[in-house]
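Overview (structure and organization)
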Amino acid sequence: MRITPKSSEVRVPRFVGLMAVDARETAEAGGVLLVAPDRPDFPRTVVDHIVRQYPPPGVQVPRGAAVTVWFEPGDDGGGVREPRRGGPPPGLRRALDEPGDPFAVLR
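An account of the accompanying structure is given in this report. Remember, predicted model here, so these are calculated numbers, not experimental data.

1. Some thoughts on the overall build of the protein
- Within the protein, the regular secondary structure consists of one helix and five strands.
- About 8,300 Å² of surface is accessible on the protein, with carbon and sulfur atoms providing 57% of the total.

This is the structure in structure tokens:
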């Protein structure tokens, strides 16, 4: 954690691309406050990534100023929605013997 000197103005860190948990730590170290109007549960958000911020990175703002961040829209936590085919991808398959009669040994 980087500690900034106690001055009246600070530079806004870059939050775009950070996960929510990392952005909160960066904001605390940078002397700004994060707000997320699209996420009322922002204090508990962990792995969602920030896609936009205002004011932009590098702008001088008063210490403790609010920086608004937005997250990727439409993330409802539903996971991957594309169809998956079983087995390894082509090229990674290995030749296997055809399965025989599982009860051949017992007969």
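2. A closer look at the pattern of salt bridges
- Under the defined criterion, the tally for this structure stands at one salt bridge.
- Across the pair Arg39 and Asp48 runs a salt bridge whose closest N-O atoms are separated by 2.3 Å.

3. Quick look at the side chain of Thr45
- With respect to the helices, strands and loops of the structure, Thr45 is situated in the loop between strand E2 (33-35) and strand E3 (50-54).
- For Thr45, a relative accessible area of 5% corresponds to the buried category.
- Within polar-contact distance, the side chain of Thr45 engages the backbone oxygen of Asp41 at 3.1 Å.
- Excluding anything up to four places from it in sequence, Thr45 contacts Ala20, Val21, Arg24, Arg39 and Phe71.

4. Some points on the side chain of Asp48
- Among the structural elements, Asp48 can be located in the loop between E2 and E3.
- A relative accessible area of 18% places Asp48 in the buried class.

5. A few points about the sheet that holds strand E5 (residues 66-71)
- If you walk across this open sheet you meet the three strands as E2-E5-E3, and the pairing is mixed. Two strands close off the open sheet at either side, each with one partner strand: E2 and E3. Put simply, the sheet's adjacent strands are angled 35° from each other on average, direction ignored.
- The pairing of E3 with E5 spans four bridges and is antiparallel. Paired with Tyr54 across the two strands is Thr68, which belongs to E5.

6. Details of helix H1 (residues 20-30)
- Among all positions in H1, only Ala20, Ala23, Ala27, Ala29 and Gly30 are buried.
- Residues of H1 that are buried sit in contact with strand E1 (9-11), E2, E3 and E5.
- Backbone geometry just downstream of H1 places Gly31 in the positive-phi region, at approximately 80°.

7. Some thoughts on the nonpolar core
- By size, the foremost hydrophobic cluster in this structure holds 16 residues, and its most contacted members are Phe15, Val32, Leu34, Val67, Val69 and Phe71.
- Among the secondary structure elements, those contributing two or more residues to this core are H1 and E5.
- Here Val32 is in contact with Val10, Pro13, Phe15, Ala27, Val61, Gly64, Ala65 and Val67, once residues within four sequence places are set aside.

8. Describing the pairing of E5
- Alignment of E2 against E5, held across three bridges, turns out to be parallel. Its bridge partner being in E5, Leu34 is matched across the sheet by Val67.

Rules used in this analysis
- Residues numbered from 1 in each chain as written.
- Predicted model: local features only at pLDDT ≥ 70, side-chain atom pairs only at ≥ 80, totals over all residues.
- Heavy atoms only, no water.
- Helix = DSSP H or I, 4+ residues; strand = E, 2+ residues; numbered from the N terminus.
- Areas by Shrake-Rupley, 256 points an atom, 1.4 Å probe, with all protein chains shown as cover.
- Salt bridge = Lys/Arg side-chain N within 4 Å of Asp/Glu carboxyl O.
- Buried < 20%, exposed > 50% of the residue type's maximum accessible area, 1.4 Å probe, protein only.
- Polar contact = N/O pair within 3.5 Å; in protein donor to acceptor, adjacent residues only side chain to side chain.
- Contact = heavy atoms within 4.5 Å.
- Pairing = 2+ DSSP bridges.
- Axes fitted to C-alpha atoms, helices over the stretch in contact; angles between N-to-C directions.
- Core = buried A, V, L, I, M, F, W, Y, C linked by side-chain atoms within 4.5 Å.

By themselves these figures say nothing about function.
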